[in-house]
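# Topology and contacts: notes
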Amino acid sequence: MTQRPPLPPFDEGSARAKVRAAEDAWNSCDPDRVALAYSEDCVWRNRGEFLRGRAEIREFLRRKWERELDYRLRKELWSWSGNRISVRFRYEWRDAEGRQWRSYGNEQWEFDDDGLMRRREASINDVPAADAASGADLTWPDTRG
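None of these values were measured; they are calculated from a predicted model.

### Quick look at the nonpolar core
Formed by 28 residues in total, the largest nonpolar core has its most connected members in Trp26, Tyr38, Trp44, Leu61, Ile85 and Trp109. Of all elements in the fold, only helix H1 (12-27), strand E1 (38-46), helix H3 (54-67), strand E3 (69-81), strand E4 (84-94), strand E5 (100-111) and strand E6 (117-128) reach the threshold of two or more residues within this core. Residues within four places of isoleucine 85 in sequence aside, it is in contact with Phe10, Ala15, Lys18, Val19, Leu77, Ser79, Trp80, Glu107, Gln108, Trp109 and Phe111.

### Considerations on the sheet that holds strand E2 (residues 49-52)
Strand order across the open sheet formed by six strands is E2-E1-E6-E5-E4-E3, with mixed pairing between neighbours. Each edge of the sheet is formed by a strand with only one pairing partner; in this case those strands are E2 and E3. In this sheet, adjacent strand axes meet at a mean angle of 20° when their direction is disregarded. Strand direction decides the pairing type here: E1 and E2, joined by four bridges, are antiparallel. Of the residues in E2, the one forming a bridge with arginine 45 is phenylalanine 50. In this fold H1 packs onto E1, E3, E4, E5 and E6, with an angle of close to 165° to the strand it touches most, E3. In this fold H3 packs onto E1, E2, E3 and E4, with an angle of close to 50° to the strand it touches most, E1.

### Observations regarding H1
Its 16 residues give H1 an end-to-end C-alpha distance of 23 Å, which sits within 8% of 22 Å, the value for a rise of 1.5 Å per residue. Along H1, the residues classified as buried are Ser14, Ala15, Lys18, Val19, Ala22, Glu23, Ala25 and Trp26. The N-cap residue of H1 is aspartate 11: its side-chain oxygen and the backbone nitrogen of glycine 13 are 3.1 Å apart. Where H1 ends, the next residue or the one after it, cysteine 29, has phi of about 55°, a positive value.

Rules used throughout
Residues numbered from 1 in each chain as written. Predicted model: local features only at pLDDT ≥ 70, side-chain atom pairs only at ≥ 80, totals over all residues. Heavy atoms only, no water. Core = buried A, V, L, I, M, F, W, Y, C linked by side-chain atoms within 4.5 Å. Buried < 20%, exposed > 50% of the residue type's maximum accessible area, 1.4 Å probe, protein only. Helix = DSSP H or I, 4+ residues; strand = E, 2+ residues; numbered from the N terminus. Contact = heavy atoms within 4.5 Å. Pairing = 2+ DSSP bridges. Axes fitted to C-alpha atoms, helices over the stretch in contact; angles between N-to-C directions. Expected span 1.5 Å × (residues − 1). Polar contact = N/O pair within 3.5 Å; in protein donor to acceptor, adjacent residues only side chain to side chain.

Okay, structure coming up:
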């Protein structure tokens, strides 16, 4: 089995490194690269969509980045304990009609002993960028350490 360091149990430094690695991978918009961080039997909830396994995750990511163009993401560590990490995130993207969006959310992650994510639960809200102008955006200070 392939390991994906850092491995649990997480401390603050290793949790921050795991979050940064996820952010970097997701910003590549490469479904094959991103999917390698998840166990073969990983269980996902993304908004109202439920997925099981790396193959379904890969296909979901392909569809996502076909729809969410010019994708740019920031993730921040919220908390950690043992083999679990919680993050908040925000990202910007545009749709095929050229409308700009900002999406905000929270994720809870659970990892196996090899550092592969075996569970991901994500709650996400989309806001037209014009409506989000008075709220938080991707220019928030970097608090990731």
